[in-house]
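Given next are the chains, with one letter for each unit.
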Amino acid sequence: MTKIVVVTSGKGGVGKTTTSAALATGLAQRGHKTTVIDFDVGLRNLDLIMGCERRVVYDLVNVINGDANLKQGLIKDKRVEDLFILPASQTRDKDALTLEGVEKVLEGLKDMGMEYIICDSPAGIEKGALTAAYFADEAVVVTNPEVSSVRDSDRILGILSSKTRKAERGEGDIPASLLLTRYSPERVERGEMLSVEDVKDILAIDLLGVIPESQAVLNASNSGAPVILDSESDAGKAYEDAVARFLGEQRPHRFLTANKKGLFGRLFGAQ
Amino acid sequence: MTVAFEEKAVLEFKGRMLMMTVLLLKDLDPNTLHRQVSQRLEDAAQWLRDAPVVVDLAQPEGADQVALMAAVDTLRGLGVNLVALARNEHLDSDTAAMLGLGSISLAGGRDVPRSAEPAPQAEQPADAGHTLVIDQPVRSGQQIYSRGDLIVLAPVSTGAELLAEGHIHVYNTLRGRALAGVRGDQSARIFCQKLDAELVSIAGIYRVAEDLPEQHRKQAVHITLDGDAMRFADLK
Ligand SMILES: Nc1ncnc2c1ncn2[C@@H]1O[C@H](COP(=O)(O)OP(=O)(O)OP(=O)(O)O)[C@@H](O)[C@H]1O
Ligand SMILES: [Mg+2]
């Protein structure tokens, strides 16, 4: 069975690509054959975060148009077994992403025995985001702890409940969970950001994880290695926990409280 | 009056759009139109005479611009409160602008049968009185309309809109807008477990977030209309 997961947010720049890369890498690390697809036509980014930008020959649109077959388009990760990347196209023509074309690619990946297909959605609630979400079996909604991001996530949740193939077929809402990223407990305490509880209360969906605001994310994207591979970092650990929860494990949430108590706070901070 | 207040008033206008009447014209002949419309207006209740009207054409394909202008003049001359022209592939917003009208798409609008003598309570649309129950969150950008009462068992987000001809019950947090009695029923009420609304309205009388009584904010409340005044009471 293949599970198609869309990573979406509504608002731009909240951490979808960072999350897609971490989630796909984490699943593959655990032995699940996974492909991560960049749906952000024209603004490709995922290949940079995955550190494979210098090996891109073909892209999603090439595969859809039949310029290349799926095997040619997929880039195999050099660090993690069972991990594949399908980059976005630099072409400006967003119309190249037809639903039929995307379906064909997804079917091809299923035939290759992929267990997970992670779809990194572009920002917005327009066609690009809807195309990335259309075939999804599950959604991960990435949100930052601020009002506009939460509002946009709420909006996208409403759209998901009617605009996926499952919804159109009357099979109901796809499950959606919340990944709260760039969380800064200090700023929450100062009242500059919404707290986890506030966001959970507004969005009323399950919490997959809380990723702290972290220098490690910037270092990771500069070095082209998904932050989850930086297993000593706070963000790396938080993504590792999120992957475990995604696979059904119960894990307490960490990094929710300010670190001013030093090591003690780290160890006992999580409620 | 602050700028913010004026902006909220625009939102209220959106709520009232549902109360517009569509006048479907099957013929544009000014004489026939004059005769039949004046007859209808004489019979109609005051609210119908005051209602904002959208003109829709039964045969927009062949509509002659001059005939259309004459028809619109005739209606205006009779005091019909024309506000817009129904837009379709044959009538665009330029045509409407030429007539001094706005342009509205009626696609997705709801047909509500309207009798000529509409005592508000006496009208019985097919599913009037039917209670709509929603158990999923109502998210920003979503709108729910009930011909009768509306019961929501999940949170209602900022940017979501609840509309009911009858009462509205929200057994959770109400952060969006709730408009009860949208067809004029002044006995409609709003009940909610936690009031954090952007706007509440009963039969067109409304309060925006800023004007909600402080002591009822984030509390369980029961809202009723007393003349033109909105009354808030604890639900406990
Ligand atoms: N936990 C974090 N801590 C610090 N910086 C972060 C974190 N998560 C993401 N960022 C930074 O935020 C920026 C946006 O991240 P990313 O590209 O993943 O967002 P996106 O939602 O995919 O954006 P877009 O909508 O443009 O596709 C990047 O500079 C990234 O390094
Ligand atoms: Mg991105």
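Residues numbered from 1 in each chain as written. Chains lettered and ligands numbered in written order. Predicted model: local features only at pLDDT ≥ 70, side-chain atom pairs only at ≥ 80, totals over all residues. Heavy atoms only, no water.

Residue and element names in this part refer to chain A. Per the counting criterion, the structure on display carries three cavities of 30 Å³ or more. For the largest cavity, the calculated volume is near 50 Å³. Surrounding the largest cavity, Thr18, Ala21, Ala22, Ile49, Val217, Ala220, Ser221, Ala225, Pro226 and Val227 form its lining. Its residues placed into classes, the lining of the largest cavity shows eight nonpolar, two polar and no charged. (1 Å grid on protein atoms, 1.4 Å probe; cavity = no way out; pocket = protein on both sides within 12 Å on 5 of 7 lines; lining within 4 Å. Points joined across faces, edges and corners; volume = space filled by probe spheres on them. Nonpolar A, V, L, I, M, F, W, Y, C, P; charged D, E, K, R; others polar.)

So, about the UniProt feature "domain: Septum formation inhibitor MinC C-terminal" (unreviewed entry) in chain B. The UniProt record marks residues 133-231 of chain B with the feature "domain: Septum formation inhibitor MinC C-terminal" (unreviewed entry), using the residue numbering of this structure. Summarising residues 133-231 of chain B: 0% helix, 47% strand, and an end-to-end C-alpha distance of 25 Å. (UniProt positions renumbered as here; feature names shortened; annotations may be inferred. Helix = DSSP H or I, 4+ residues; strand = E, 2+ residues; numbered from the N terminus.)

A few words now on the packing of helix 1 (residues 16-29) of chain A against helix 12 (residues 234-246) of chain A. Residues and elements named next belong to chain A. Look at helix 1 against helix 12: their axes get within 9 Å of each other, and the N-to-C directions meet at 65°. Both helix 1 and helix 12 take part in a crossing whose hand is right-handed. Note on element contacts: helix 12 touches helix 1 through Tyr239, Val243 and Phe246, opposite Thr18, Thr19, Ala22, Leu23, Gly26 and Leu27. Here the residues of the contact of helix 1 with helix 12 sort into six nonpolar, three polar and no charged. (Axes fitted to C-alpha atoms, helices over the stretch in contact; angles between N-to-C directions. Left-handed = near helix turned anticlockwise from the far one by under 90°. Contact = heavy atoms within 4.5 Å.)

This part takes up the interface of chain B and chain A. Listed as interface residues are 11 residues of chain B and, on the opposing side, 12 residues of chain A. Together, the buried faces of chain B and chain A total about 890 Å²; carbon and sulfur atoms form 41% of this surface. Area buried by chain B at its contact with chain A is led by Arg139, Ser140 and Arg175 of chain B, which between them contribute 55% of it. On inspection of chain B and its partner chain A, the count reaches two salt bridges. The partner of Asp201 of chain A in a salt bridge is Arg175 of chain B, with the nearest N and O atoms 2.9 Å apart. Across the chain B-chain A interface, the total number found is eight residue pairs in polar contact (both at pLDDT 80 or more). (Buried area = accessible area lost by both parts, 1.4 Å probe. Salt bridge = Lys/Arg side-chain N within 4 Å of Asp/Glu carboxyl O. Polar contact = N/O pair within 3.5 Å; in protein donor to acceptor, adjacent residues only side chain to side chain.)

Turning our attention to the side chain of Ser195 of chain A. When you line up the elements, Ser195 of chain A lands in the loop between helix 9 (185-189) and helix 10 (196-203). Accessibility expressed as a relative area gives 18% for Ser195 of chain A, which makes it buried. (Buried < 20%, exposed > 50% of the residue type's maximum accessible area, 1.4 Å probe, protein only.)

All names here are of chain B. With mixed pairing, the five strands of this open sheet are ordered in space as 6-8-10-12-13. In the strand order of this sheet, the two ends are held by strand 6 (143-146) and strand 13 (205-208), each with one partner. Adjacent strand axes in the sheet meet at a mean angle of 5°, parallel and antiparallel pairs treated alike. (Pairing = 2+ DSSP bridges.)

All names here are of chain A. The environment of ligand 1 is formed by 16 residues, the closest being Gly13, Lys16, Thr17, Thr18 and Ser214. The separation between an oxygen atom of ligand 1 and a polar side-chain atom of Thr17 is 2.8 Å. In the model, a nitrogen atom of ligand 1 is placed 3.0 Å from a nitrogen or oxygen of the Pro212 main chain. About the coverage of ligand 1: the protein hides 82% of its 630 Å² of free accessible area. (Near = heavy atom within 4 Å. Areas by Shrake-Rupley, 256 points an atom, 1.4 Å probe, with all protein chains shown as cover.)

Okay, the packing of helix 7 (residues 147-163) of chain A against helix 10 of chain A next. Residue and element names in this part refer to chain A. Between helix 7 and helix 10, the least distance of the axes is 10 Å, while the angle of their chain directions is 30°. By the angle between their directions, the pair helix 7 and helix 10 is classed as roughly parallel. Handedness of the crossing formed by helix 7 with helix 10: right-handed. In this structure, helix 7 contributes Val150, Ser153, Asp154 and Leu157 to the contact, and helix 10 contributes Val199, Ile202 and Leu203. Split into classes, the residues belonging to the contact of helix 7 with helix 10 amount to five nonpolar, one polar and one charged. (Parallel < 35°, antiparallel > 145°, perpendicular 65-115°, else oblique.)

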